[in-house]
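Structural overview
The primary structure of each chain is shown beneath.
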Amino acid sequence: MSQLRGKRFWLIGASAGIGRHLALSLAEQGATLVVSARNEAALAQLLVEMENARGVAPLSGDHEAIPLDVSTRASVSEAFSRVGHIDGMIYCAGAYEPMSARQPDLDSLETIVEVNLIGVLRILAHCVPTLCQQNAGHVVLVGSISGYRGLPNAWGYGATKAAMIHLAENLRCDLLGTDIHVQVCNPGFVSTRLTEKNAFDMPFIMSPEAAARRIVKGMKRKHKFEIAFPWAMVTLLKCLAILPYFFFFRLMKLIRRKFGPSS
Ligand SMILES: NC(=O)c1ccc[n+]([C@@H]2O[C@H](COP(=O)([O-])OP(=O)(O)OC[C@H]3O[C@@H](n4cnc5c(N)ncnc54)[C@H](OP(=O)(O)O)[C@@H]3O)[C@@H](O)[C@H]2O)c1
């Protein structure tokens, strides 16, 4: 089991949902957090809650909030210049709109790609060289089990999550032989403002608190590449991912017939 106590993590996407609860859980473990997102008031409130949540006193200073918009290069550079020494970076920022290719919304699609894909590349372009200089570090990229296969109504979002998994694999390969550990976290449905947009029943949906606990547990086993949960959804989606195209598209057609043209 790896130690999180005393480690300084930069957590991007910490103002709400999974990231917010992950910050609280890591603070409870005695890690020090630099929390980032756009909503400054939510970050300030989180700092107060993290101080209260401290289970074990951190060994490396106080928690800090650095507001940031990952969709602009200047904002990422400015934030990185203020972050200082970090032992790890967690990318949990995300944007989502349920969307079918039949009714594309280009503004939303561009936001999804900016936040979920270009944003993480901007952050990694700053962090990875620094971690390489240290020859030590921990990178966690939050993807999704929806990235395993092209699914209905995930136009744009699914592609960015598949790209996130791919990116984490690239990074792990490129950093083999260093002491920099790379993990991808693929959650199933988690109850946040993001999933509030879904009009369908979400099987095995879990609370953000429970998701954060699962991520912390996975981060302690940093040699394990993928942190994925809940197991039932992961197994189902992994089976779909290895299904030959002939059967996969037949199944999708059946599902579409059952749930109508919008599914
Ligand atoms: N909820 C699920 O079921 C689920 C399942 C699988 C994967 N995920 C992934 O988990 C991650 C967190 O999702 P969530 O459900 O916790 O969503 P959420 O509650 O909407 O939180 C998203 C976070 O991303 C930040 N963010 C969005 N745009 C940003 C930008 N331009 N710059 C900086 N930060 C930005 C938000 O902060 P501000 O608005 O303050 O900027 C917020 O802190 C996402 O990557 C999502 O795709 C979620």
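Refer to the structure above for everything that follows.
What counts, and where the lines are drawn
Residues numbered from 1 in each chain as written. Predicted model: local features only at pLDDT ≥ 70, side-chain atom pairs only at ≥ 80, totals over all residues. Heavy atoms only, no water. Helix = DSSP H or I, 4+ residues; strand = E, 2+ residues; numbered from the N terminus. Rg over C-alpha atoms; globule rule 2.2 N^0.38 Å. Buried < 20%, exposed > 50% of the residue type's maximum accessible area, 1.4 Å probe, protein only. Contact = heavy atoms within 4.5 Å. Areas by Shrake-Rupley, 256 points an atom, 1.4 Å probe, with all protein chains shown as cover. Pairing = 2+ DSSP bridges. Axes fitted to C-alpha atoms, helices over the stretch in contact; angles between N-to-C directions. Near = heavy atom within 4 Å. Polar contact = N/O pair within 3.5 Å; in protein donor to acceptor, adjacent residues only side chain to side chain. Nonpolar A, V, L, I, M, F, W, Y, C, P; charged D, E, K, R; others polar. Core = buried A, V, L, I, M, F, W, Y, C linked by side-chain atoms within 4.5 Å. Parallel < 35°, antiparallel > 145°, perpendicular 65-115°, else oblique. Left-handed = near helix turned anticlockwise from the far one by under 90°. Patch = residues over 30% accessible without salt bridge, like charges linked within 9 Å, V, L, I, M, F, W, Y side chains within 5 Å. Salt bridge = Lys/Arg side-chain N within 4 Å of Asp/Glu carboxyl O.

If you tally the helices and strands in the protein chain, you get eight helices and seven strands. Its C-alpha atoms give the protein chain a radius of gyration of 18 Å, within 12% of the compact-globule value 18 Å for 263 residues. By principal-axis analysis of the C-alpha atoms, the protein chain measures approximately 55 × 40 × 35 Å. For the protein chain, the residues scored as buried account for 49% of the 263 residues in total. Sequence separation of at least 24 residues holds for 71% of the intrachain contacts in the protein chain that already meet a minimum separation of 6. Working note: accessible area of the protein chain is about 13,000 Å², and carbon and sulfur atoms make up 57% of it.

Further remarks concern the sheet that holds strand 1 (residues 8-12). Overall, parallel pairing links the seven strands, which are arranged 3-2-1-4-5-6-7 in an open sheet. One side of each edge strand has no neighbouring strand; the edge strands of this open sheet are strand 3 (64-65) and strand 7 (226-229). Sheet analysis places strand 4 (residues 88-91) next to strand 5 (residues 136-142), joined by four bridges and oriented parallel. Bridging across to strand 5, Met89 finds its partner in Val139. Across the sheet, helix 2 (residues 40-53) is in contact with strand 2 (32-36) and strand 3; its angle to strand 2 comes to roughly 165°. Those strands touched by helix 5 (residues 157-174) are strand 4, strand 5 and strand 6 (179-187), and its axis lies near 160° from that of strand 6.

A separate point is the site of the ligand. Neighbouring the ligand are 29 residues; Ser15, Arg38, Tyr157, Val190 and Thr192 lie closest to it. Interatomic distance of 2.9 Å between a backbone N/O atom of Asn39 and an oxygen atom of the ligand. With the chains in place, 96% of the 880 Å² that the ligand exposes on its own is no longer accessible. For the shell around the ligand, the secondary-structure elements that each account for two or more residues are helix 1 (17-28) and helix 5. In terms of residue class, the shell around the ligand is made up of 15 nonpolar, 10 polar and four charged.

Judged by nonpolar contacts, the single largest core of 46 residues is most densely connected at Trp10, Ile12, Met89, Tyr91, Ile123, Leu124 and Leu141. Ranked by the residues each element gives to this core, the list is headed by helix 4 (residues 106-134), at eight residues. Ala23, Ile90, Cys92 and Val142 belong to the second-largest nonpolar core, a separate cluster that totals 33 residues.

A few words on the packing of helix 3 (residues 73-83) against helix 4. With their axes 9 Å apart at the nearest point, helix 3 and helix 4 run at an angle of 30° to one another. As summarised for this structure, helix 3 and helix 4 are arranged roughly parallel, according to the angle between their axes. The element helix 3 and its partner helix 4 pack so that their crossing is right-handed. Residues Arg73, Val76, Ser77 and Phe80 of helix 3 form the contact with helix 4, whose participating residues are Arg122, Ile123, His126, Cys127 and Thr130. Residue composition of the contact of helix 3 with helix 4, grouped by class: four nonpolar, three polar and two charged.

Nonpolar side chains collect at one region of the surface, where Leu251, Leu254, Ile255 and Phe259 lie side by side and expose about 360 Å² of accessible area between them. On the accessibility criterion, Phe259 (54% relative accessible area) is exposed.

Further remarks concern the pairing of strand 2. The two faces of the sheet receive side chains in turn, since in a regular strand these alternate between them. Burial within strand 2 is extensive, with five of its five residues counted as buried. Covered by surrounding structure in strand 2 are Thr32, Val34 and Ser36 together with Leu33 and Val35, the residues of both alternating faces. As defined by bridge partners, strand 1 adjoins strand 2 across five bridges and the pair is classed as parallel. Counterpart to Ile12 in the pairing with strand 2 is Ser36. Sheet topology note: the strand 2/strand 3 ladder contains two bridges and is parallel.

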